[in-house]
Every structure is written in C-alpha cells, then in structure tokens.
Amino acid sequence: MAAVKRVLQTAAPLIPPAPTLPALRKAAASCKACDLWKRGTQTVFGEGARNAQVMLVGEQPGNDEDLAGHPFVGPAGKLLDRALEEAGIDRGQAYVTNVVKHFKWEPRGKRRIHAKPDVVEITACLPWLQAEIDVVKPRALVCLGSTAAQALIGRKFKVTQQRGEFVPSPLAPLVTATVHPSSILRAPDDETRRAERARFVADLKKVAKALAG
Ligand code: URA
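In what follows, the accompanying structure is described. Please read all numbers here as calculations on a predicted model, not as lab measurements. Every chain is numbered on its own, with residues counted from 1 as its sequence reads. For a predicted model such as this one, the threshold for reporting local features is a pLDDT of at least 70, and the threshold for listing and counting side-chain atom pairs is 80 or more; totals across whole chains, interfaces and linings nevertheless cover every residue. Water and hydrogen atoms play no part in the side-chain values, which are based on all heavy atoms of the structure.

### What to know about empty space enclosed by the protein
- The way it works is a 1 Å grid over only the protein atoms, where trapped points that fit a 1.4 Å probe form a cavity and open points with protein on both sides within 12 Å along at least five of seven lines form a pocket, and then any residue with an atom within 4 Å of a point lines it. Grid points are joined across faces, edges and corners, and a volume is the space filled by probe spheres set on the points. Inspection of the entire model under this criterion finds two cavities of 30 Å³ or more.
- The computed volume of the largest cavity comes to approximately 110 Å³.
- Lining the largest cavity are 15 residues, and of these Cys-31, Cys-34, His-102, Cys-125 and Trp-128 sit closest to its centre.
- Among the elements that line the lining of the largest cavity, the one with the most residues is helix H4 (residues 119-136), at three residues. Elements are defined by DSSP. Helices are runs of H or I of four residues or more, strands are runs of E of two residues or more, and each kind is numbered from the N terminus.

Shown next, in the form of structure tokens:
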C-alpha cells in the first residue's frame, strides 16, 4: 500500500502580499485552513493600534468573542483591561489577538464549552499571527497563557516557572509570557483570585517598565 503523506495545511497561502491589518482581517474572514470555521460563528481577528507598542496574545476567542467578533470582550477581556490600566498600559495603545482565530467548543447541554485547540489548528492559524506581528512590529509581545507561550516562545517554556521573564526571540525586542486572565477567573476562592490578579498586574508592570526604559 502506498504511504499516505499528510501535509499540514496552513493559512500561509491566504496572506495577501504587502499586507495591511484591514487586508489581513478581510482575508482571514473566509479562512478554512483548519476545520474550526465550521464550528465558530466567525473569524475573530486581532484588534488595536496599527503601531501598538505592546501586542497581547491569548489562546482563542471565547463564547462572547465568537458572538461579538472582537477579541477579549468577555469576562477575561474585562479583567485584562483593568489589569492593563493598573499596570500603566493603555489598551488603546495595545494590540490584542489570539493564536487561533476561531472559537473551538464542545456542546454541554445548551452551553458551548471551551475546548483546547490542537497542534493542527494552531499550526494552521499561526501565519495570521505572524503577519499581525510583521505589520504591527510591537516592541513588546506578551503571551497570555501556555498555548500562546508554547506557540510563540517554544514548547519548553513553562508559564508557571518562567512567567514575567523576558526571553530572546526574533519576534520582538521584548518577549514574555504570563498567565491567561481566564485562569485568574477560575481561582477557587477570593483570596487566591486577589493574589493571582496581583501577580498578573505585576507581570504587566514589568512590561510597562521595560518599555519605558
Ligand atoms: N480568551 C482568549 O484567549 N482570547 C479571547 O479573545 C478571549 C478569551
């Protein structure tokens, strides 16, 4: 029997030449590089200032983002907004996006429950994020959670041990990772949530300080 060679499909052929953010957003709207387009309501592309100094990268849109078509507008996004403000980073001057641009979910009763994107979906979607980085050229790239950290920094990066560290990377002058804001919302009690939130703000303050320095 002839060997079947599996070729990973990616969004690379869909990236327009000399892309701009509006051109990328338009092209991504009809992306079918992986099967998640069948499940999500729409592509949720990154948003923010074209010349943002800071790019924040999450995992994938959640239920609220899928319906709204905008990244980080649900509870995790609200936590992120307030934490950025406390850290002295203006969200209006930041660019927020995700590694995967469609919501991956599983049905549970009437609810749509977040499901982790797999390596095929992440690989397929990465050219969009690379193009966003190429256009925005942020000075600081902040991975929110392990999916973003492992996709952008590497599989060996452990957010629990290395959060807040700056790592050398060709992607931007300052590259770091911290926890995903959703993980703070999932804290088992108020005291843990307060402590985790304070650590998150402290990580973002390191970014603000490095940008100012
Ligand atoms: N979680 C993410 O990773 N991204 C969003 O846009 C919302 C929630």
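### Considering the packing of aromatic side chains
- Paired rings are identified among Phe, Tyr and Trp, the last through its six-membered ring, by centres lying within 6.5 Å, and are further divided according to the angle between planes into stacked (under 30 degrees), edge-to-face (over 60) and tilted (the rest). For the coordinates displayed, the defined rule picks out one aromatic pair.
- The positively charged end of Lys-32 is found above the aromatic ring belonging to Trp-37, 4.5 Å away from the centroid. In our convention, an over-ring charge means Lys NZ or Arg CZ found within 6 Å of a ring centre and within 35 degrees of that ring's normal.

### Here's the deal with the site of the ligand
- To be near a molecule or strand, a residue needs just one of its heavy atoms within 4 Å of it. For the ligand, the full set of nearby residues is Gly-58, Glu-59, Gln-60, Pro-61, Gly-62, Glu-65, Pro-71, Phe-72, Asn-98 and His-180.
- For the purposes of these results, a polar contact is taken to be a pair of N or O atoms within 3.5 Å, where, inside protein, one atom must be able to donate a hydrogen and its partner to accept one; residues adjacent in sequence count only when each atom of the pair is a side-chain atom. His-180 is positioned with one of its side-chain polar atoms (N or O) 2.6 Å from an oxygen atom of the ligand.
- Only the protein chains shown count as covering a residue, and every accessible area follows the Shrake-Rupley method with a 1.4 Å probe. Protein burial of the ligand: of its 240 Å² of free accessible surface, 94% is covered by the chains.
- To decide whether a molecule occupies a pocket or cavity, check its atoms: if more than half lie within 2 Å of the grid points, it is inside. Taken atom by atom, the bulk of the ligand overlaps the largest pocket.

### Here's the deal with the pattern of salt bridges
- Salt bridges are counted wherever a side-chain nitrogen of Lys or Arg sits within 4 Å of a carboxyl oxygen of Asp or Glu. Evaluation of the coordinates by the stated rule reveals 13 salt bridges.
- Between Glu-86 and Arg-197 there is a salt bridge; the shortest N-O distance is 2.8 Å. With Glu-86 in helix H3 (residues 75-87) and Arg-197 in helix H8 (residues 190-212), the pair connects residues that are 111 residues apart, well separated along the chain.
- Burial classification: accessible surface area is computed with a 1.4 Å probe over protein chains only, and a residue below 20% of its type maximum counts as buried, one above 50% as exposed, and the rest as partly exposed. Judged by its relative accessible area of 45%, Glu-86 is partly exposed.

### Focus: the side chain of Asp-203
- You can see Asp-203 is positioned in helix H8.
- On the accessibility criterion, Asp-203 (7% relative accessible area) is buried.
- A distance of 2.6 Å separates polar atoms of two side chains, one belonging to Asp-203 and the other to Thr-178.
- Contact criterion: two residues are considered in contact whenever any of their non-hydrogen atoms come within 4.5 Å of each other. In contact with Asp-203, not counting residues within four places along its chain, are Arg-163, Gly-164 and Thr-178.

### Side note on the pairing of strand S4 (residues 105-108)
- A pair of strands is treated as paired once DSSP finds two or more bridges between them. Two strands pair when backbone bridges link them, and S4 and strand S5 (residues 111-114) are joined in this way by four bridges, in the antiparallel orientation. Looking at S5, one finds that Glu-106 is bridged to Ile-113.
- Here S4 hands over to S5 after two residues, with Gly-109 in that stretch at a positive phi of 60°.

### A look at the nonpolar core
- Residues Met-55, Leu-56, Val-57, Trp-128, Leu-141, Phe-200 and Leu-204 are the most contacted members of the largest nonpolar core, which totals 60 residues.
- In terms of residues, this core owes the most to one element, H4, which gives nine residues.
- Once residues within four sequence positions are removed from consideration, Leu-204 is found in contact with Leu-56, Ala-83, Leu-84, Ala-87, Ile-89 and Val-142. To define a nonpolar core, start from buried Ala, Val, Leu, Ile, Met, Phe, Trp, Tyr and Cys residues and group those joined through side-chain atoms within 4.5 Å.

### Some words on the environment of Arg-197
- Residue Arg-197 is classed as partly exposed on the basis of its relative accessible area of 24%.
- With residues up to four places along the chain from it excluded, the contact list for Arg-197 reads Arg-82, Ala-83, Glu-86 and Ile-184.

### Points about the pairing of strand S3 (residues 94-98)
- Within S3, five of the five residues are buried, leaving the element largely enclosed by the surrounding structure.
- Sheet analysis places strand S1 (residues 47-48) next to S3, joined by two bridges and oriented antiparallel. Looking at S3, one finds that Glu-47 is bridged to Val-96.
- Sheet analysis places strand S2 (residues 54-58) next to S3, joined by five bridges and oriented parallel. Along S3, the bridge assignment pairs Leu-56 with Val-96.

### Concerning the side chain of His-180
- With respect to the secondary-structure elements, His-180 resides in the loop between strand S7 (174-178) and helix H7 (181-185).
- For His-180, a relative accessible area of 17% corresponds to the buried category.
- Only 2.9 Å separates the side chain of His-180 from the backbone nitrogen of Ser-182, close enough to count as a polar contact.

### Description of H3
- The length a helix should cover is 1.5 Å for every residue beyond the first. Helix length check: H3 (13 residues) gives 18 Å between terminal C-alpha atoms against 18 Å at 1.5 Å per residue, within 8%.
- Residues of H3 that are buried include every one of Ala-76, Gly-77, Leu-79, Leu-80, Ala-83, Leu-84 and Ala-87, and no others. All buried residues of H3 project into a common sector of 155° when viewed along the axis, lining one side. Exposed positions of H3 whose direction lies more than 90 degrees from the buried face are Pro-75, Arg-82 and Glu-85.
- Packing partners of the buried residues in H3 comprise S2, S3, strand S6 (140-144), H7 and H8.
- Phi turns positive, to about 85°, at Gly-88, one or two residues after H3. Throughout, the arc means the angular range of directions from the helix axis out to the C-beta atoms.

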